[in-house]
Every structure is written in C-alpha cells, then in structure tokens.
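So you can see what is in the structure, the chains are spelled out below.
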Amino acid sequence: MRIREREYAVSATIRLVEGDWSWVQHLLDDGSGTRHRLSVEDGPELELVFWTAEPSATVTPGAPTIELGGRRFTWTETGQARYTATGETELPSTGTMRYHDYQSGGAARLSFEAYGEEGWRVSRGDLLGPADLTIHPTPELR
C-alpha cells in the first residue's frame, strides 16, 4: 500500500463494531519502527485517516479541548467498541476498545484508544483523500 509517496505493508487488521456502526483499522509497517495505522470508516461518506503513534505524549482524554504539538484539538466523539483482530497486533483476538476522538481544523485528528484494561494509546491523524492512497494486491491475489 502506498500512502502519499511512502510504501507500507499491512501487518494486521482490527475490525470494530459499536452498535450499528463499524470500521476497520489496518496496522501498517514501513520498517521504521514507528506505529502507523489506516482507519477506514464507510458511513455516509468514506473517511480515510492515516494515524501515527505519539508514544511520548503526556496528554490524557476527557477535556473539551487538548493542546498537542502546537495545535488545539476539540473533542468530537467518545465511545466503546467490540473488536476482532487478525495478524500481528499484540492484542487478544477479540475484546473491547474505548476511544476519545478530537479534531483540529479540517484534516488534523487526535485519537486516544485503550484496548481491554490497558492504558491510553495516543495517535495523531491526517484525513486522506482517495488520491492519497494506492492499494497493491498481494502476490497471491494477482
């Protein structure tokens, strides 16, 4: 998969369901050791967000606004979903995930996720357009 001129391999997929809503997160590997993921929400409009982990972030969710990296993010949604994981996730294959999502401007995102009883994982995201993404079929699908 190519995202904005950089190649990534999909190492795992997490499927999430909250009520009638579902979405998918693909964990991506570019060989750098940095955690990346692509979230795909197929609601009224397709929403693609490219996420990069912020393991050194010291902020916590819950406030109406959060400052991080010189940006102010505003709370947009909070919830809990059931998940099913396949591939190299370091997670149990099924469980629950809590989240808090924030937004800054039109394309910048901030997400807090906690799987099971673990602590919050913080990620910054960028909304992608369809032209930002190229999917390559796996060799066995060609």
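See the structure shown above.
Now for a look at the structure at hand. The model shown is predicted, which means the values in this text are computed figures rather than measured ones.

1. Comments concerning the pattern of salt bridges
Piece 1. For the structure on display, the rule yields nine salt bridges.
Piece 2. Between Arg37 and Glu113 there is a salt bridge, with its nearest N and O atoms 3.4 Å apart. With Arg37 in strand β5 (residues 36–42) and Glu113 in strand β10 (residues 108–115), this pair connects stretches of sequence that are 76 residues apart. Glu113 matches Arg37 in its accessibility class, with the two residues each being buried.
Piece 3. For the salt bridge of Glu47 with Arg109, the shortest nitrogen-to-oxygen distance reads 3.7 Å. Of this pair, Glu47 sits in strand β6 (residues 46–53) while Arg109 sits in strand β10, placing them 62 residues apart in sequence.
Piece 4. The exposure class of Glu47 is partly exposed, given its relative accessible area of 26%.
Piece 5. With relative accessibility at 10%, the residue Arg109 sits in the buried group.

2. Remarks on the pairing of strand β3 (residues 9–18)
Piece 1. Sheet topology note: the β3/strand β4 (residues 21–29) ladder contains nine bridges and is antiparallel. Across the sheet, the residue bridging to Ala9 is Asp29, located in β4.
Piece 2. As paired elements, β3 and strand β8 (residues 71–87) share six bridges and run antiparallel to each other. Within β8, the position partnered with Ile14 by the bridge is Ala85.

3. So, the environment of Asp30
Piece 1. Along the chain, the position of Asp30 falls in the loop between β4 and β5.
Piece 2. Its relative accessible area of 18% is what places Asp30 among the buried residues.
Piece 3. Along the chain, Asp30 and Ala9 lie 21 residues apart, while their C-alpha atoms are 6.5 Å from each other.
Piece 4. Setting aside anything within four residues of it in sequence, one finds Asp30 in contact with Arg6, Glu7, Tyr8 and His36.
Piece 5. A polar contact of 3.2 Å, which involves the side chain of Asp30, links it to the side chain of Arg6.
Piece 6. A polar contact is formed between the side chain of Asp30 and the side chain of Ser32, at a distance of 2.6 Å.

4. Re the nonpolar core
Piece 1. If you look at the biggest cluster of nonpolar residues, it comprises 12 residues: Ala12, Ile14, Leu16, Trp23, Leu27, Ala81, Tyr83, Ala85, Leu91, Met97, Tyr99 and Tyr115.
Piece 2. Mapped by element, the contributors of at least two residues to this core are β3, β4, β8 and β9 (94–104).
Piece 3. Every residue in contact with Ala12, bar those within four places of it in the chain, is listed here: Gln25, His26, Leu27, Thr86, Gly87, Glu88 and Thr89.
Piece 4. Met1, Tyr8, Phe50 and Leu133 belong to the second largest nonpolar core, which has nine residues in total.

Rules of the game
- Residues numbered from 1 in each chain as written.
- Predicted model: local features only at pLDDT ≥ 70, side-chain atom pairs only at ≥ 80, totals over all residues.
- Heavy atoms only, no water.
- Salt bridge = Lys/Arg side-chain N within 4 Å of Asp/Glu carboxyl O.
- Helix = DSSP H or I, 4+ residues; strand = E, 2+ residues; numbered from the N terminus.
- Buried < 20%, exposed > 50% of the residue type's maximum accessible area, 1.4 Å probe, protein only.
- Pairing = 2+ DSSP bridges.
- Contact = heavy atoms within 4.5 Å.
- Polar contact = N/O pair within 3.5 Å; in protein donor to acceptor, adjacent residues only side chain to side chain.
- Core = buried A, V, L, I, M, F, W, Y, C linked by side-chain atoms within 4.5 Å.

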